[in-house]
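Chain by chain, the residues run as shown.
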Amino acid sequence: MTKPPAEGSARSLSAVPEVPAAPVAPAASAVDPPATPARGPARLLHPDPVVRRLASLTLINCVGNGLSLAVSVLFFTRVLGLTAAQLGIGLTAAGVCGVAASVPAGRLADRFGTKPVLVVLVTLEAVGTVGYVLVRDYLAFVLLACAVTAVDRGSSAVRNALYAEVLPADRRVAGRAYLRVVTNVGLCLGTALASIALQLDSRPAYLTTILLDALSFAVVAVLYARVPTPGRPVAEAGAGQRSGRRRNPALRNAPFLAVTVLNSVLCLQFGMLEVGVPLWIIHETRAPRIVVAGTLIVNTVLVVCLQVRATRGTEQRALAARACRRGGLLVAGSALVIGLAHGLPPVAAAAVVLGGVALQGFGEVLSQAGGWALSYDLAGEGAHGAYQGVFNAGSSAALMLGPALVTTAVIGNGLLGWALLGAVFAAAGLAMAPVVRWAERRDAGTAPTAVATASAA
């Protein structure tokens, strides 16, 4: 499933939370797993109490996300009275604002602290979501959508930096994977609840759904304020404040920027899955339309079952790059397989499309795990907000541009279009390892300077 932008992916009213984490003293975060394995439902709970608390926050937020995702288009068009063209223009403008907001939000987190900035942003998102029920004209809708999406994307970047503070370095990617599983579960629950509003198909039902989404943000803001965070050492806090006055360190880290771009290319797979595959099934194949729902089920099941396992071994840069390479090649293969469904009999077309989506699911969990690991490992300590802001901006740009790219360059061009898209994914995956080696050479070259500076201090 699409996640913001990992985690997440951008949504019409607000986006799905993303989930990272970073190095911290062991005492500040995780506990060791229990000596005896848990039985029954307890086996589904994470052994780390901090991750369990973050999982509860994620579940609440994503149930609200699922509610709004299911009804947002109908709410905007039938309740607010927007045309499809107006909605598309408004959401595109909002997407641009979301991309632009990630970087400054991350910088604010480095300067003023991740938790207070996150609480403020999530609170603003709750207020903005309530504002949708009060909108009466198109200009107000566009301005509000831009503001809410900017706050949402900014909060996503800051959330990643917060997790970097509260989870230990050796478990950050696995923790994010676990939270991504919770994200999918929450989205499914929210979508199921939204079916009640869809069945009632009335203005009060849609308004209630939107207000419940706003309530989920308000609850999450309160709960984030109670998340225990390790106090930053004075030296690190001072460095964070100084970083707020100088140029963004992430924008001066060329290998990190290259990884961000390559990861953004791999994130185009979400546009392929959400928009390209349904359009391809309906307009260019003879597969039954119900296969559209089947593709989302297959993807969701694979992510839930495999995402945590896919993070194993990504603690090392080379292995994380290898995960991206394998993920990119699998997604490339999936694009080619999906393209082969054109002209086949209904049953065969359905089987081929579902097989291609299964390949995409395997590639997705690997490429996401590798990208998360590299986004943390290549980031400078004491500036996680800046680095996650830049990384999140890249992912958000891919989520915004992906649907347009797939519909214009792939759909309608048949197998050739899918093959070209697959080549793009393969190239991004294969390029990750050389970029990581470049980052290692850069780190090796700057290490003596860093040591000399520390000695002089």
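Calculation criteria
- Residues numbered from 1 in each chain as written.
- Predicted model: local features only at pLDDT ≥ 70, side-chain atom pairs only at ≥ 80, totals over all residues.
- Heavy atoms only, no water.
- Patch = residues over 30% accessible without salt bridge, like charges linked within 9 Å, V, L, I, M, F, W, Y side chains within 5 Å.
- Areas by Shrake-Rupley, 256 points an atom, 1.4 Å probe, with all protein chains shown as cover.
- Salt bridge = Lys/Arg side-chain N within 4 Å of Asp/Glu carboxyl O.
- Helix = DSSP H or I, 4+ residues; strand = E, 2+ residues; numbered from the N terminus.
- Buried < 20%, exposed > 50% of the residue type's maximum accessible area, 1.4 Å probe, protein only.
- Core = buried A, V, L, I, M, F, W, Y, C linked by side-chain atoms within 4.5 Å.
- Contact = heavy atoms within 4.5 Å.
- Expected span 1.5 Å × (residues − 1).
- Bend = angle between axes of the 7 residues up to and from the residue.

**What to know about a nonpolar patch on the surface**
Residues Leu59, Val185, Leu189 and Val304 make up a contiguous nonpolar surface patch of roughly 270 Å² in combined accessible area. With respect to the helices, strands and loops of the structure, Val304 is situated in helix α10 (residues 291–310). Given the relative accessible area of 31%, Val304 is considered partly exposed.

**A closer look at the nonpolar core**
In this structure, Met272, Val277, Leu374, Trp418 and Met432 are the most contacted members of the largest nonpolar core, which totals 57 residues. Counting only elements with at least two residues in this core, the list comes to α5 (172–200), α8 (254–266), α9 (268–284), α10, α11 (317–339), α12 (346–377), α13 (384–409) and α14 (414–456). With ten residues, α14 is the single largest residue contributor to this core. Beyond its immediate sequence surroundings of up to four residues, Leu374 is in contact with Val259, Arg317, Ala320, Ala321, Cys324, Met432 and Val436.

**A closer look at the environment of Met400**
Examined against the element boundaries, Met400 turns out to sit in helix α13. Among the residues examined, Met400 registers a relative accessible area of 27% and is labelled partly exposed. Setting aside its immediate chain neighbours within four residues, Met400 contacts Thr92, Gly95, Val96 and Val99.

**Some thoughts on helix α2 (residues 84–112)**
For α2, built from 29 residues, the straight-helix expectation of 42 Å at 1.5 Å per residue is met to within 8% by its first-to-last C-alpha distance of 40 Å. Its maximal kink placed at Ala101, α2 deviates by approximately 30°, while the proline Pro104 follows within four residues. Remark: Gly113 follows α2 within two positions and exhibits a positive phi of approximately 105°.

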